[in-house]
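# Structure at a glance
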Amino acid sequence: MGLLTNMFTNNRRKSRPMLKKSVLTPQPVFPSVQENIQFMQEALFHTDDLLRQTVSIPGHTSEFLFMYTMCDQSKIREEILKPILDNRDGDLEGILISMRANRYDDLEKVIDLLVKGYAVLFIEGMEECFVIEVKSSHVRSVTEPNNEKTVEGSHEGFVESIIINLQLVRKHIENRNLVVKRYKLGNETKSEAVIVYLQNLANPKLINEVDCRIQNIDADNISSAEIIEEYIEDKSFSPFPQLLHTERPDRVIGNLLEGRVVLLAEGSSTALIMPVTFFAFYQSPDDYSFRSLQGSFLRFIRLFSFVISIGLPAYYIAVVSFHYEVIPQDLLLPIKRSVEHIPYPPILEALFLELTIELLREAGIRLPGPVGQTIGIVGGLVIGDAVVKAGMVSNAMIIVVALTAIASFVVPSHEMSASVRMLRFPVMVAASLFGFFGIVYSVIIILIHLCILESFGTPYFAPVAPLRLKDWKDTIIRFPQWMMKQRSNDPAPQKLDLQRSSGEERQGNE
Amino acid sequence: MSNTEYQITPGQLVFLITQTQIGVGLLGLTSKVHNVAKGDAWISVLLAGMLAHLFIFVMWCLSRRFPSFTLYDYLPVLLGKYIGKFIQFVYTAYFILVASYIILQFSSTFHDWVLSNTPRWIIMGIISGVCLYLIRESLRTIARFFVLVFFCNIAVIIITAYAYLHVNFLYILPVGQAGIWKITEGAHYAMNAFAGYELLLITFPLVEGGSAGKLKAATLANLFTAVLYTFAVFTSLIVFSPPEMELLPQPLLYMVKALTFSVFERLDLYFLSLWAVVTTTSLMGYMFMASKGLANLFRAQSNHQNAAPYTVALVFIIVVFFQNPLLIDVFGKILSIANYVFLFGIPFVLFMISILFKVTEVRGSTE
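Residues numbered from 1 in each chain as written. Chains lettered and ligands numbered in written order. Predicted model: local features only at pLDDT ≥ 70, side-chain atom pairs only at ≥ 80, totals over all residues. Heavy atoms only, no water.

## Brief notes about the overall build of chain B
Helix and strand counts for chain B stand at 16 helices and zero strands. Relative to the 2.2 N^0.38 estimate, which gives 21 Å for 367 residues, the radius of gyration of chain B is 20 Å and therefore close to what a compact globule would have. For chain B, the spread of C-alpha atoms along the three principal axes comes to 65 × 45 × 35 Å. In chain B, the proportion of contacts linking residues at least 24 apart, taken out of those at least 6 apart, comes to 84%. Approximately 14,600 Å² of chain B is accessible, and the part contributed by carbon and sulfur atoms is 69%. Across chain B, the centroid of the 20 positively charged side chains sits 9 Å from that of the 15 negatively charged ones. (Helix = DSSP H or I, 4+ residues; strand = E, 2+ residues; numbered from the N terminus. Rg over C-alpha atoms; globule rule 2.2 N^0.38 Å. Contact = heavy atoms within 4.5 Å. Areas by Shrake-Rupley, 256 points an atom, 1.4 Å probe, with all protein chains shown as cover. Lys, Arg positive; Asp, Glu negative; His and termini not counted. Charge placed at Lys NZ, Arg CZ, Asp CG, Glu CD.)

## As for the overall build of chain A
Scanning chain A from terminus to terminus reveals 18 helices and 12 strands. Since a compact globule built from 510 residues should have a radius of gyration of about 24 Å, the 30 Å found for chain A marks it as more spread out than a globular shape. Its C-alpha atoms put chain A at 100 × 65 × 50 Å along the principal axes. Burial status across chain A gives 47% buried among its 510 residues. Within chain A, contacts between residues separated by at least 24 positions form 64% of all contacts whose residues are at least 6 apart in sequence. (Buried < 20%, exposed > 50% of the residue type's maximum accessible area, 1.4 Å probe, protein only.)

## Side note on the domain arrangement of chain A
Its domain assignment divides chain A into domain 1 (33–133), domain 2 (146–276) and domain 3 (291–459). For domain 1 of chain A and domain 3 of chain A, the distance between their C-alpha centroids amounts to 63 Å. (Domains from an automatic or database assignment.)

## Re the pairing of strand S9 (residues 261–265) of chain A
Residue and element names in this part refer to chain A. Most of S9 is tucked away, with five of its five residues classed as buried. The alternating pattern of S9 places Val261, Leu263 and Ala265 and Val262 and Leu264 on opposite faces, both of which are buried. When strand S7 (residues 191–198) meets S9, the two strands line up antiparallel, connected through four bridges. Residue pairing across strands places Val194 opposite Leu264, the latter belonging to S9. When S9 meets strand S10 (residues 271–274), the two strands line up antiparallel, connected through three bridges. Across the sheet, residue Val262 finds its bridge partner in S10, namely Ile273. Turn length for the S9-S10 hairpin, with the two strands adjacent in sequence and antiparallel, is five residues, and the turn residue Gly267 shows positive phi of about 90°. (Pairing = 2+ DSSP bridges.)

## Re the state of the cysteines
A complete count under the given rule lists zero disulfides over all chains for this structure. With no disulfide of its own, Cys451 of chain A lies closest to Cys152 of chain B among cysteine sulfurs, the gap being 12 Å. Residue class for Cys451 of chain A comes out buried when judged on its relative accessible area of 1%. For Cys131 of chain B, which is in no disulfide, the shortest distance to another cysteine sulfur is to Cys451 of chain A and amounts to 14 Å. (Disulfide = S-S within 2.5 Å.)

## Details of helix H16 (residues 325–356) of chain B
Residue and element names in this part refer to chain B. With 32 residues, H16 extends 45 Å between its outermost C-alpha atoms, agreeing within 8% with the 46 Å of an ideal straight helix rising 1.5 Å per residue. Along H16, the sharpest kink reaches roughly 30°, centred on Gly345 and followed within four residues by the proline Pro347. Here H16 starts with a cap whose side-chain oxygen sits 3.1 Å from the backbone nitrogen of Leu326, and that cap is Asn324. (Expected span 1.5 Å × (residues − 1). Bend = angle between axes of the 7 residues up to and from the residue. Polar contact = N/O pair within 3.5 Å; in protein donor to acceptor, adjacent residues only side chain to side chain.)

## Let's talk about the nonpolar core
Phe278 of chain A together with Phe106, Phe110, Phe145 and Tyr197 of chain B are the most contacted members of the largest nonpolar core, which totals 205 residues. Examining the composition of this core, we find that 17 residues originate from one element, helix H14 (residues 267–298) of chain B, more than from any other. Counting only domains with at least three residues in this core, you end up with domain 2 (146–276) and domain 3 (291–459) of chain A. Apart from residues no more than four positions distant in its own chain, Phe110 of chain B is found in contact with Phe437 of chain A together with Leu115, Ile123, Leu272, Trp275 and Ala276 of chain B. One finds Leu185, Ala202, Leu206 and Phe456 of chain A within the second-largest nonpolar core, a separate group that totals 23 residues. (Core = buried A, V, L, I, M, F, W, Y, C linked by side-chain atoms within 4.5 Å.)

## With respect to the sheet that holds S7 of chain A
Residues and elements named next belong to chain A. One open sheet holds the five strands; their spatial order is S6-S7-S9-S10-S8, and the pairing between them is antiparallel. The sheet terminates laterally at strand S6 (178–185) and strand S8 (244–246), the two strands that pair on one side only. The sheet shows a mean angle of 25° between the axes of neighbouring strands, taken without regard to direction. Docked against the sheet, helix H6 (residues 162–172) engages S6, S7 and S9, running at close to 10° with respect to S7. Contacting S6, S7, S8, S9 and S10, helix H8 (residues 225–232) crosses the sheet at an angle of about 135° to S9. (Axes fitted to C-alpha atoms, helices over the stretch in contact; angles between N-to-C directions.)

## Things to note about helix H14 (residues 369–389) of chain A
Residue and element names in this part refer to chain A. For H14, with 21 residues, the first-to-last C-alpha span of 30 Å sits near the 30 Å given by 1.5 Å per residue. For H14, the set of buried residues is Gly372, Gly379, Gly384 and Val387. Packing partners of the buried residues in H14 comprise helix H13 (346–366) and helix H15 (395–408).

## Thoughts on the pairing of strand S4 (residues 118–123) of chain A
Residues and elements named next belong to chain A. For S4, a buried count of six out of six residues is recorded, marking the element as mostly surrounded by other parts of the structure. What you see with S4 is no split at all: Tyr118, Val120 and Phe122 on one side and Ala119, Leu121 and Ile123 on the other are buried throughout. Inspection of the sheet shows strand S2 (residues 60–67) paired to S4 by four bridges, in the antiparallel sense. If you follow Ser62 over to S4, its bridge partner there is Ile123. Counted between consecutive antiparallel strands, the loop separating S4 from strand S5 (residues 129–133) contains five residues, among which Gly125 sits at a positive phi close to 85°.

## Examining the interface of chain A and chain B
Contact residues are listed per partner, giving 27 residues for chain A and 32 residues for chain B. Between chain A and chain B, roughly 2,600 Å² of surface is buried when both sides are summed, and carbon and sulfur atoms account for 78% of that area. Together, Phe437, Tyr441 and Ile448 of chain A form the three largest contributors to the area buried by chain A at its contact with chain B, with a combined 24%. Seen at the junction of chain A and chain B, the total is two salt bridges. Its salt-bridge partner being Glu454 of chain A, residue Arg144 of chain B comes within 3.8 Å of it at the nearest N-O pair. At the boundary of chain A and chain B, one finds six residue pairs in polar contact (both at pLDDT 80 or more). (Buried area = accessible area lost by both parts, 1.4 Å probe. Salt bridge = Lys/Arg side-chain N within 4 Å of Asp/Glu carboxyl O.)

Now the structure itself:
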């Protein structure tokens, strides 16, 4: 039992004490340039991309070091060589100011900076060395993310640089309350991650919780936001994602303004939003660019797709193998005709087709664009048609599976789509064993799981369980903006009220 | 004890009680009461609802004197250590037996209607497993789930309402045909279906707010149950003629079975699926009470979560070895008598003791 509990509870809320990290003793700068360079080269194990270059500052012997793989040559020219040339007769201070150099006296710190793309200037006889930023950066343009396209609204997307991402966020929330907290994660990778929140909205307990979980990560390799997710989520063995991934700044902004916390990491264009509820995965920025009625309709369709993609194949299997009497008489004959000569039980048919579709999907992703389409045609048309003609799978099953596949891709969030596709298999198996009884009980288990699950202390299935009708204004349906008087309660924001009367209401009063 | 982390709201209490009340009784209720009270069965059910409300009131009066104690906690205070423990044990046994009875009834109904080839112990195993999954959690999570599946009751009402296309109101006339005595006797048979409000004794300290709010919640819950039952019984009475009623063990199911739509047939199968959910929640309610009792037997004021697996295992063992239909009938009769003892007798006696000897909770003693 103890072993089982250990396997299935994964609560990192119980903070464990930080392990003592080995603290490097500071290494003072040597008086001679040669000695310094010697030391640096030793420290970096004579790596070949570490270059040294002598510069002639009048009256001083000086040399600088940089890693050419991390540095921009033109920046070196701009930032280091040009000030020296310009100030041939000027004093050293003037040169250093125009280089925008920082002084350091600890060589250990300098090593870390060197690796990041800084150049280090050593001057004979000085007790300090000078660090100049000459980092090269390759940033792709801020284009719309491929997997979160919208019809209307902003078409910006996050990129792999944390600074640009933060800029995209700050640009839209020009507010002094927007706070950024930095972390260095990974004992080996030391990659940078930030959490962003609005100080006057986000619940302090939530911020503490997030902060605590991130601080407690004690791993060597942290290289992307998705890896951080696994360390800070509540239950890793739950089929449902507990953090929302997005590459869209507008989605991040919307969530920040509801009092949630957003995590960004250097090197990944994905932002993680926490805490989220089940329904957040079914919201899309598109809902807000449409008017309320149309937005609600779309959202309803999406939630309906959840029901279809989990329930439809199971329902069909249950009906065909147990309860064919629920089919009305007129429909009974066509279905009977298509099922009659199939040698396999419906569950095998369904599993075969579902797995084929998963295979096609996976193959379509890996292949380059035009070839991917070919695979779609080959898979969809040829296999679908041939398999029916060969009498291995019934026509009705093809319809059911195709509908299910379409429904499972409607979800705006990629992770939720994956978990829904996975969840329908156990329900199908249960249906094939016990008919409706199996479906009912597997759905009950899913619902219980949703009730149990929490994301950073927020009930995952809010506002349905626990029931809070006020929050339904922005979950299953979307009310007009002026009617949403309060923020949704699930991240427990400090300020619930969102607005006073405006819009149609206001016009009515006047 | 009453840690605010684990408290539920009075609103959630409404759903907890309603869902525990409505369960296996729903299907067999009509025919059981009709056997005695004939066309006045619906009056019997209403009467039973009122009686249940009286019992709730007694329970509330008792619990109010111990606002931060559950039944299990104040039994030793009122009756002394040994008798208190004994009554506590009897209550736990009662809850376990009721849970077993629910599973037995449920599996036999499902066996007869849908899964006639599936071995019964598999159905029993599944329903017990699902129960265990939920009652391992805190009361708050249980309450959330109960609120979530409340829609099943609404769906049951909607499906039943379709039967109004084929009704004959003359069947219930003349009102009062059975006579007061028969109607009262019918109420006795209906009382069993109302059981479930004893949850109030166990959850009283776990609900936020003052005691008036809790009484209101329990009243509302009982009201809903009474209305649902009366509606179901009344509808079956006006759909089937009296001679037909004699023959049908589960009139509700036969009634919805006859309904046809252009897209659905055999509505009874969907109805049974919804009923399965409703019954499971009722079972969960009893399992919760039983495991709370079991936990308290071994260590006072302890949590139900640790005892949950043992309770479920115990119930499962009982139902697997106890499947003789005749025995189940006797079992049901015994429980329907025991009902009065546990829901009214003991709480009333406890209340009297508490008043006569002026025993109430000493403020601050528990903290």
